[in-house]
Amino acid sequence: MNDSSPAVQVDKLHKSFGAGDARVDVIRDLDFTLPRGAFEAVMGASGSGKSTFLHLVAALLAPDRGEIRVGGELVSAMSDREATVFRRRRIGLVFQDFNLVPTLTAAENIELPLLLDRARPDRAHVDSLVETLGLGGRLSHLPSQLSGGERQRVAVARALAGNPDVVLADEPTGNLDSPAARSLCELLRSLNASTGCAILLVTHDPVTAAAASRVHLLRDGAFVGAFDTGHDPALVSERYLAAAGGK
Ligand SMILES: Nc1ncnc2c1ncn2[C@@H]1O[C@H](COP(=O)(O)OP(=O)(O)OP(=O)(O)O)[C@@H](O)[C@H]1O
Ligand SMILES: [Mg+2]
C-alpha cells in the first residue's frame, strides 16, 4: 500500500437499483475516508444501505458513479478480473454467515485466498493469528465441527492471513450469541492494534459497533453524522437512538 494513502477513500459514490419508476437510490453521493490502521464502523437501520456500501468498497458491486480507492488503488476502475485478484490480495472479508468452504478444514479455509493467489503463506503471521484467535486445537476440524464463534474466528484469520490493507466485515456478530459476539469484538480490537490492519465493519448492533473507535451513521444511503465511541456500548446506543429519533 502507498504509505500516504488512506485504507479506504470514497468520493461521490452513488448506487441505485432498478430503473424508471422502480429505481431506488441506495447510496447517495457518499464521501468517506478510513485512515490507515483505523477501526471504524458504519451503523444504520435495516435497509439504510450498509451492505451495499461495503460491497461497493469490496468491488463486489459496481457503482453507478463515484470513485473508490483501497490503499490508494482505484478499485472502481478495475475489471471484474482485476477486482477479484485485488480483493484476494488486499482486502479481507468477513460476513455474517461465515462463508467458509464446508469441505475444507479450518487450516485450509484460512489459507485458501493465499493458495488461490499462488502466494506462500507467511507462516509466522498465520501462526500468530491462529494463536491469538485461539484456533490452535481446531485447525483440522471442518466448519460443521466448529461452533459459530469458532467459525467466525476462522473467517477472521482468513481475512487477515494475507496482510490486507483493510478488513471489511458485514454484521460479523449477527449470527453469534452475546458471549461469542463480545469475544469476537475484543479479538477484532486486539488484532487491529497488533497487526495495524484497518477494519471497517457495518452493523446495527451498538455493542459490536463499540469495538470500533468511531461510528458513522448511515440513513437512507447518506452519512448523517459521526462520533467517537470511547468503546462504550451505552454511549453508542444512546447516540444511535438519538440519531434515529431525529429522523
Ligand atoms: N440487488 C438489489 N436489487 C434491488 N434492490 C436492492 C438490491 N440490493 C439491495 N437493495 C435494496 O437496497 C436497500 C439497502 O439494502 P442493504 O442490503 O444495503 O441494506 P442494509 O443496511 O445492509 O440492511 P440490513 O441491516 O437489513 O442488512 C434496501 O432497500 C434493499 O432492498
Ligand atoms: Mg446488510
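That block above? That's the structure.
Reading the values: rules and limits
Residues numbered from 1 in each chain as written. Chains lettered and ligands numbered in written order. Predicted model: local features only at pLDDT ≥ 70, side-chain atom pairs only at ≥ 80, totals over all residues. Heavy atoms only, no water. Helix = DSSP H or I, 4+ residues; strand = E, 2+ residues; numbered from the N terminus. Rg over C-alpha atoms; globule rule 2.2 N^0.38 Å. Buried < 20%, exposed > 50% of the residue type's maximum accessible area, 1.4 Å probe, protein only. Areas by Shrake-Rupley, 256 points an atom, 1.4 Å probe, with all protein chains shown as cover. Lys, Arg positive; Asp, Glu negative; His and termini not counted. Charge placed at Lys NZ, Arg CZ, Asp CG, Glu CD. Polar contact = N/O pair within 3.5 Å; in protein donor to acceptor, adjacent residues only side chain to side chain. Contact = heavy atoms within 4.5 Å. Core = buried A, V, L, I, M, F, W, Y, C linked by side-chain atoms within 4.5 Å. Near = heavy atom within 4 Å. Nonpolar A, V, L, I, M, F, W, Y, C, P; charged D, E, K, R; others polar. 1 Å grid on protein atoms, 1.4 Å probe; cavity = no way out; pocket = protein on both sides within 12 Å on 5 of 7 lines; lining within 4 Å. Points joined across faces, edges and corners; volume = space filled by probe spheres on them.

Student: How do you make sense of the overall build of the protein when you look at a structure like this?
Tutor: Within the protein one finds eight helices and ten strands. Since a compact globule built from 247 residues should have a radius of gyration of about 18 Å, the 18 Å found for the protein is in line with a globular shape. In terms of principal-axis extent, the alpha carbons of the protein reach across some 50 × 40 × 35 Å. Residues counted as buried form 47% of the 247 residues belonging to the protein. With the model as given, the accessible surface of the protein reaches about 11,400 Å², and the carbon-plus-sulfur share is 48%. Positive and negative side-chain charges of the protein, numbering 26 and 30 respectively, have mean locations separated by a distance of 2 Å.

Student: Teacher, can you tell me more about the side chain of Thr229 here?
Tutor: Mapped onto the elements of the fold, Thr229 is located in the loop between strand 10 (222–228) and helix 8 (233–245). A distance of 2.8 Å separates a polar atom in the side chain of Thr229 from the backbone nitrogen of His231. Leave out the neighbours within four places in its chain, and Thr229 touches Ala209, Ala210, Ala212, Ser213, Arg214, Val215, Leu235 and Val236.

Student: Teacher, can you tell me more about the nonpolar core here?
Tutor: Grouped burial of nonpolar side chains is what soluble globular proteins tend to show. In this structure, Ile110, Val156 and Val215 are the most contacted members of the largest nonpolar core, which totals 44 residues. If near-sequence neighbours (up to four positions away) are discounted, Val156 is found in contact with Val94, Leu133, Leu184, Leu188 and Leu191. Of all hydrophobic cores here, the second largest spans 31 residues; its members include Leu30, Ala83, Leu93 and Leu218.

Student: What's the story with the site of ligand 1 in this structure? I'm lost.
Tutor: As a matter of local geometry, ligand 1 sits amid Phe17, Val26, Ala45, Ser46, Gly47, Ser48, Gly49, Lys50, Ser51 and Thr52. Within the backbone of Gly47, a nitrogen or oxygen atom sits 2.9 Å from an oxygen atom of ligand 1. Residue Thr52 places a side-chain N or O atom 2.6 Å away from an oxygen atom belonging to ligand 1. Protein chains bury 54% of the 640 Å² of accessible surface belonging to ligand 1 in isolation. A total of three residues in the shell around ligand 1 trace back to one element, the largest contributor, which is helix 1 (residues 50–57). The residue makeup of the shell around ligand 1, split by class, is three nonpolar, six polar and one charged.

Student: Hey, could you run me through the layout of surface pockets in this one?
Tutor: To find leftover empty space, one rolls a probe the size of a water molecule over the atoms. In this structure, the largest pocket encloses a volume near 430 Å³. Together, 21 residues line the largest pocket, and Arg88, Ile91, Leu93, Pro113 and Arg158 are the ones closest to its centre. The set of elements that each furnish at least two residues to the lining of the largest pocket consists of helix 2 (80–90), strand 6 (91–94), helix 3 (106–116) and helix 5 (148–160). In terms of residue class, the lining of the largest pocket is built from twelve nonpolar, four polar and five charged.

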